Amino acid sequence: MSSSDIFIGETIGTAILILLGGGVCAAVTLKASKARNAGWLAITFGWGFAVLTAVYTSAPLSGAHLNPAVTLALALKKDGIDWSDVPIYWGGQLLGAMIGAALVWIVYYGQFLAHLTDEEIVGKPQTKAVEAQEKGAGPVLGIFSTGPEIRVAWQNIATEVIGTVVLVLAVLTQGLNDSGKGLGVLGALITSLVVVSIGLSLGGPTGYAINPARDLGPRIVHALLPLPNKGGSDWSYAWIPVIGPLIGGAIAAGIYNVAFA
């Protein structure tokens with residue numbers, strides 16, 4: 001795979017991942033959406049299908065890592081990818097995540113406006129509600145990135161680490177293609193089902209980022225978009241869904257190298 005193939009594949013694949021994953025969150029969250037209040041099952045299966053679609057689309061170009069934690073694990077894995085390719089993967093993943101988040105905003109533009117100008121959502125008067133949210137998570141931040149139900153830093157990090165270990169171990173043991181440097185055809189299906197399982201079983205405490213680009217890219221977009229009454233982007237929490245999955249990816253690679261390689 002050339003550097004351009006890697007960058008283009010990861011950008012396209014991660015954009016699709018966030019478009020469909022963030023899209024299901026928007027569909028369930030926004031008041032004027034037909035899928036409003038569809039619930040956690042819709043979100044977990046929506047993200048699983050998002051992974052499936054994104055991997056099948058981008059695998060021929062880049063191997064469909066779509067996640068800096070997966071890329072890190074494949075660099076640490078015996079006979080894995082070259083370290084020189086890691087920044088290319090990460091750059092494509094972050095850019096793709098930002099593009100995907102912007103596309104969600106375009107698709108649900110009218111719903112965002114309706115939701116964020118509704119007094120039942122942002123309060124009355126709206127300015128006071130926004131002032132209260134500026135330092136924390138705004139009312140639609142959950143469409144773009146994750147946040148904990150109970151804010152306990154060590155628990156939140158541990159949750160992200162554990163979830164990512166499960167994901168990356170599944171990728172390393174069941175999901176790789178013949179070269180061992182990306183996801184294969186069957187691996188895409190397995191990985192998407194694992195993501196559904198993680199969401200159902202481990203996603204409740206933090207919203208299961210398990211992917212630094214998936215959280216950071218859309219959070220940046222949330223901060224930049226001209227959304228009325230959007231509130232804060234919760235930057236005080238933003239380091240946890242970045243560091244936690246990277247630690248989890250490294251641990252999974254270590255387990256794989258000791259037990260499976």
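Above this note sits the structure.
The shown structure was predicted, so the numbers you read here are calculated from the model rather than taken from an experiment. (Residues numbered from 1 in each chain as written. Predicted model: local features only at pLDDT ≥ 70, side-chain atom pairs only at ≥ 80, totals over all residues. Heavy atoms only, no water.)

**Focus: the overall build of the protein**
Inference 1: When helices and strands are tallied, the protein shows 12 helices and 0 strands.
Inference 2: At 18 Å, the protein has a C-alpha radius of gyration in line with the 18 Å of a compact globule built from 261 residues.
Inference 3: Over its C-alpha atoms, taken along the principal directions, the protein stretches across nearly 60 × 35 × 30 Å.
Inference 4: Looking at the protein as a whole, 53% of its 261 residues are labelled buried.
Inference 5: At a minimum sequence separation of 6, the contacts of the protein that also span at least 24 residues come to 79%.
Inference 6: Distance between charge centroids for the protein: 7 Å, based on 13 positive and 15 negative side chains. (Helix = DSSP H or I, 4+ residues; strand = E, 2+ residues; numbered from the N terminus. Rg over C-alpha atoms; globule rule 2.2 N^0.38 Å. Buried < 20%, exposed > 50% of the residue type's maximum accessible area, 1.4 Å probe, protein only. Contact = heavy atoms within 4.5 Å. Lys, Arg positive; Asp, Glu negative; His and termini not counted. Charge placed at Lys NZ, Arg CZ, Asp CG, Glu CD.)

**Focus: a nonpolar patch on the surface**
Inference 1: Side chains of Phe-7, Ile-8, Ile-12, Leu-95, Ile-99, Leu-103 and Ile-106 sit close together on the surface and give an oily, nonpolar patch of about 550 Å² of accessible area.
Inference 2: Residue placement: Ile-12 occurs in helix α1 (residues 3-29). (Patch = residues over 30% accessible without salt bridge, like charges linked within 9 Å, V, L, I, M, F, W, Y side chains within 5 Å. Areas by Shrake-Rupley, 256 points an atom, 1.4 Å probe, with all protein chains shown as cover. Salt bridge = Lys/Arg side-chain N within 4 Å of Asp/Glu carboxyl O.)

**Regarding the environment of Pro-241**
Inference 1: Mapping Pro-241 onto the fold places it in helix α12 (residues 240-259).
Inference 2: Relative accessible area serves as the criterion here: at 0%, Pro-241 is assigned to the buried category.
Inference 3: Sequence spacing of Pro-241 and Glu-160 is 81 residues, and the spatial spacing of their C-alpha atoms is 6.7 Å.
Inference 4: Every residue in contact with Pro-241, bar those within four places of it in the chain, is listed here: Thr-146, Ala-209, Asn-211, Pro-212, Asp-215 and Arg-219.

**Side note on unusual backbone geometry**
Excluding glycine, residues mostly have negative phi values, and the peptide bonds linking residues are mostly trans.
Inference 1: With phi around 55°, Ala-64 is a residue other than glycine that occupies positive phi space.
Inference 2: For Ala-64, the location among the structural elements is in the loop between α2 (40-62) and α3 (68-76).
Inference 3: Residue classification places Ala-64 among the buried residues on the basis of a relative accessible area of 0%.
Inference 4: Even without being a glycine, Asp-234 presents a positive backbone phi close to 55°.
Inference 5: Along the chain, Asp-234 turns up in the loop between α11 (212-224) and α12.
Inference 6: For Asp-234, a relative accessible area of 3% gives the class buried.

Read these as geometric descriptors, not functional statements.
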